[in-house]
Amino acid sequence: MDCPFCRIVTGDDTADELYRDEYAVAFRDINPQTPVHLLVIPRRHIASLAEVSDGEVHLLGHLQVIAAQLAEQLDLARDGYRCVINCGRHGGQTVHHFHLHLLAGRAMGWPPFPRS
Ligand code: AMP
Ligand code: ZN
């Protein structure tokens, strides 16, 4: 199995996990870009947003609700946060197992800059 996030799901690799249920896992990003940087992933291997199907509408919503609940629990909701899905090469995706980034803890700029 060469997917790093599948290894976290199965327990073959450890992560700083904050949440797990039948469908999803959330853990801290190993290379945080903001003071709080979490990843919320489906337990099932889905390579990217481009691979999702109609049958996964509920799963995608579930991942976002988990992000919102974690933000609430970590007291991030008052100041706000950002959820990001990088998809494909131009989107900057480096791990090919779907993940929702939850970024928080400082104000962020918009829009995203081109890669230098
Ligand atoms: P992306 O560029 O959207 O594919 O994001 C992948 C993210 O996964 C990056 O922010 C990495 O720092 C993070 N990452 C990669 N491997 C691990 C790991 N084993 N545990 C936690 N985060 C990871
Ligand atoms: Zn995977």
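These numbers were taken from a predicted model, which means no experiment stands behind them.

Turning our eyes to something else, we now look at the nonpolar core. Judged by nonpolar contacts, the single largest core of 17 residues is most densely connected at Val 36, Leu 38, Val 40, Leu 63, Ile 66, Leu 70 and Leu 76. Taken together, the elements giving at least two residues each to this core come down to β2 (24-28), β3 (36-42), α2 (57-73) and β5 (100-104). Leaving out residues up to four positions away in the same chain, Val 40 has contacts with Val 25, Ala 26, Leu 63, Ile 66, Ala 67, Phe 98, His 99 and Leu 100. The next biggest cluster of nonpolar side chains, apart from the first, holds 10 residues, and it includes Val 9, Phe 27, Ile 41 and Val 95.

The next point concerns the pattern of salt bridges. Evaluated as defined, the whole model comprises five salt bridges. Across the salt bridge formed by Arg 44 and Glu 56, the nearest N and O atoms sit 2.8 Å from each other. Taken together, the residues Arg 44 in the loop between β3 and α2 and Glu 56 in the loop between β3 and α2 connect sequence positions 12 residues apart. Of the charged contacts, one joins Asp 75 and Arg 78 as a salt bridge, the two residues approaching to 3.5 Å between their closest N and O atoms. The same class applies to Asp 75 as to Arg 78, namely exposed.

Think of a pair of aromatic rings as described by two things: how far the centres are apart, and how the planes are tilted against each other in angle. Using the criterion set out here, one finds one aromatic pair in the structure. Ring plane angle 75 degrees and centroid distance 5.4 Å describe the contact between Phe 5 and Phe 27, whose orientation is recorded as edge-to-face. Of this pair, Phe 5 sits in helix α1 (residues 4-10) while Phe 27 sits in strand β2; the two residues are 22 residues apart in sequence, bridging distant segments of the chain. A relative accessible area of 8% means that Phe 5 is categorised as buried.

Our next topic: α2. The first and last C-alpha atoms of α2 sit 25 Å apart over 17 residues, in line with the 24 Å expected at 1.5 Å per residue. For α2, the full list of buried residues reads Leu 59, Leu 63, Ile 66, Ala 67, Leu 70 and Ala 71. Each buried residue of α2 lies within a common arc of 135 degrees when the element is viewed along its axis, so the set occupies one face. Those residues of α2 that are exposed and angled more than 90 degrees off the buried face are Val 57, His 58 and Glu 72. Contacts from the buried residues of α2 go to β1 (17-20), β2, β3, β4 (81-84) and β5. Phi for Asp 75, located one or two positions after α2, is positive at around 60 degrees.

The rules behind the values
Residues numbered from 1 in each chain as written. Chains lettered and ligands numbered in written order. Predicted model: local features only at pLDDT ≥ 70, side-chain atom pairs only at ≥ 80, totals over all residues. Heavy atoms only, no water. Core = buried A, V, L, I, M, F, W, Y, C linked by side-chain atoms within 4.5 Å. Buried < 20%, exposed > 50% of the residue type's maximum accessible area, 1.4 Å probe, protein only. Helix = DSSP H or I, 4+ residues; strand = E, 2+ residues; numbered from the N terminus. Contact = heavy atoms within 4.5 Å. Salt bridge = Lys/Arg side-chain N within 4 Å of Asp/Glu carboxyl O. Phe/Tyr/Trp six-rings, centres within 6.5 Å; stacked < 30°, edge-to-face > 60°. Expected span 1.5 Å × (residues − 1). Arc of directions from axis to C-beta.

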